[in-house]
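One-letter residues, chain by chain:
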Amino acid sequence: MAASRTEPFGEGVPFGDVRPVSRPRSHRASLPLSRARVRDRRFRDDAPPLSPSWYGKFNSPYYTKSHVEFRARVRAFVEREIFPNVHEWDEKKSLPLELYRKTYEAGILPGVVGAPWAGGMGNDLSVPAPERFDYFHELIILDEFGRCGSGGVLWGLLEGVHIGLPPVLNFGSEALRRRVGLNVLRGEKTICLCITEPWAGSDVANIRCVAKRSADGTKYVVSGEKKWITNGIWADYFTVAVRTGGPGMGGISLLVVEKTMKGVETKRMDCMGVWASGTTFVTFDDVEVPAENLIGEENQARSILHWSSYDRVGAVNADP
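Residues numbered from 1 in each chain as written. Predicted model: local features only at pLDDT ≥ 70, side-chain atom pairs only at ≥ 80, totals over all residues. Heavy atoms only, no water.

A word on the overall build of the chain
- Along the backbone of the chain there are 10 helices and 10 strands.
- Restricting to contacts in the chain with at least 6 residues of sequence separation, those with at least 24 account for 69%. (Helix = DSSP H or I, 4+ residues; strand = E, 2+ residues; numbered from the N terminus. Contact = heavy atoms within 4.5 Å.)

Looking at the side chain of His67
- Within the secondary structure, His67 is located in helix α2 (residues 65-82).
- Accessibility expressed as a relative area gives 1% for His67, which makes it buried.
- A distance of 2.9 Å separates the side chain of His67 from the backbone nitrogen of Thr64, its partner in a polar contact. (Buried < 20%, exposed > 50% of the residue type's maximum accessible area, 1.4 Å probe, protein only. Polar contact = N/O pair within 3.5 Å; in protein donor to acceptor, adjacent residues only side chain to side chain.)

Points about the packing of helix α5 (residues 135-146) against helix α6 (residues 151-164)
- α6 packs onto α5 with a crossing angle of 160° between their chain directions and a minimal axis gap of 10 Å. The orientation of α5 relative to α6 falls into the category roughly antiparallel. Relative to α6, α5 is oriented so that their crossing is left-handed. On the side of α5, the interface is formed by Glu138, Ile141, Leu142, Phe145 and Gly146, while α6 contributes Leu154, Leu157, Leu158 and His162.
- Its residues assigned to classes, the contact of α5 with α6 comprises 6 nonpolar, 2 polar and 1 charged. (Axes fitted to C-alpha atoms, helices over the stretch in contact; angles between N-to-C directions. Parallel < 35°, antiparallel > 145°, perpendicular 65-115°, else oblique. Left-handed = near helix turned anticlockwise from the far one by under 90°. Nonpolar A, V, L, I, M, F, W, Y, C, P; charged D, E, K, R; others polar.)

A closer look at the packing of α2 against α5
- Between α2 and α5, whose axes approach to 9 Å, the crossing angle comes to 30°. When the axes of α2 and α5 are compared, the pair comes out roughly parallel. Note that α2 runs across α5; the crossing there is right-handed. Between α2, through Ser66, His67, Phe70, Arg71, Val74, Arg75, Phe77, Val78 and Ile82, and α5, the contact on the second element is made entirely by Phe136, His137, Ile140, Ile141, Asp143, Glu144 and Phe145.

So, helix α4 (residues 98-105)
- Those residues of α4 that fall on the buried side of the exposure criterion are Leu99, Tyr100, Thr103 and Tyr104. Buried residues in α4, looked at end-on, bunch into an arc of 145°, giving them a common side.
- Next to the buried residues of α4 lie α2, α3 (86-92), α5, α6 and α8 (174-185).
- Just beyond α4, the residue with positive phi is Gly107, at close to 75°. (Arc of directions from axis to C-beta.)

So, the environment of Glu225
- Within the secondary structure layout, Glu225 lies in strand β5 (residues 219-229).
- Note: C-alpha distance between Glu225 and Phe284 (59 residues apart in sequence) is 6.2 Å.
- Residue contacts for Glu225: discarding those within four places in its chain leaves Glu197, Pro198, Trp199, Phe281, Val282 and Thr283.

What about the nonpolar core?
- Membership of the largest hydrophobic core comes to 61 residues, with the highest contact counts inside it found for Ile82, Phe145, Leu158, Leu165 and Val180.
- With 7 residues, α6 is the largest single contributor of residues to this core.
- Core analysis: the second largest hydrophobic core is formed by 21 residues, Tyr220, Val240, Val264 and Ala291 among them. (Core = buried A, V, L, I, M, F, W, Y, C linked by side-chain atoms within 4.5 Å.)

Nothing here speaks to function; it is all geometry.
So, in structure tokens, the structure goes:
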């Protein structure tokens, strides 16, 4: 069968990314002007695989002038604040905690918890959102920080917030959102996600960390262990999957455990790589947690953990 006649999306035809020559004029006319082809050679590296393709030979209907301006701002921050220090931070196996605050003040940190901006807490922050903020702005943040070449630095600075805070912002009470969420978004406190255990990693339904509710219903007593916890060594808050009911996913809840609570112990894990990410073994020894630190409803973690596919975006960017 004869091949149909085609023309390229942009300049050149690298691997046959094409459109039919004859397409209705209404297709182009229907795209908003802000979604017109966006190219900016500032973002093109000498090694093509390292360059966002939509700034070169390809076209994307999703990237606008807002994304171009935001990428330029994020790239400038990374090249100024991250690039010169990557080796030192990797060797020290830690990040300066003031870096979180700097990333907030640059208008970046609130952009790693999904849309809307800052998980809906943007009105309480001093840094504005990019125009028409969406998930592509967030992808730009992860993409640009990934250019530093250290998965440990990327995970250490952004991934704890990226995976640990959205459950609080999207399902926590207003009091929890304000007390925990705003502190983390402003870079004043840090957070991590605690799901994996020595005997249950991807098999979330079989976690053993237990939270028993007190007779008066005012608190939970948490006992168990968590392993491979990114940012755990310096985290102020832990978003913890605990067993509050029967076996399987139907018996799991999420609690915010705080570093200052008696019975919380963290030990750094000496891993082969991602040193600056603060990989940690966490032990909860009869930790008393107020019932108001419950995220969502008891035994309903299944409906909250659906975000786990979204957080893989950060993992992909950290593994060049």
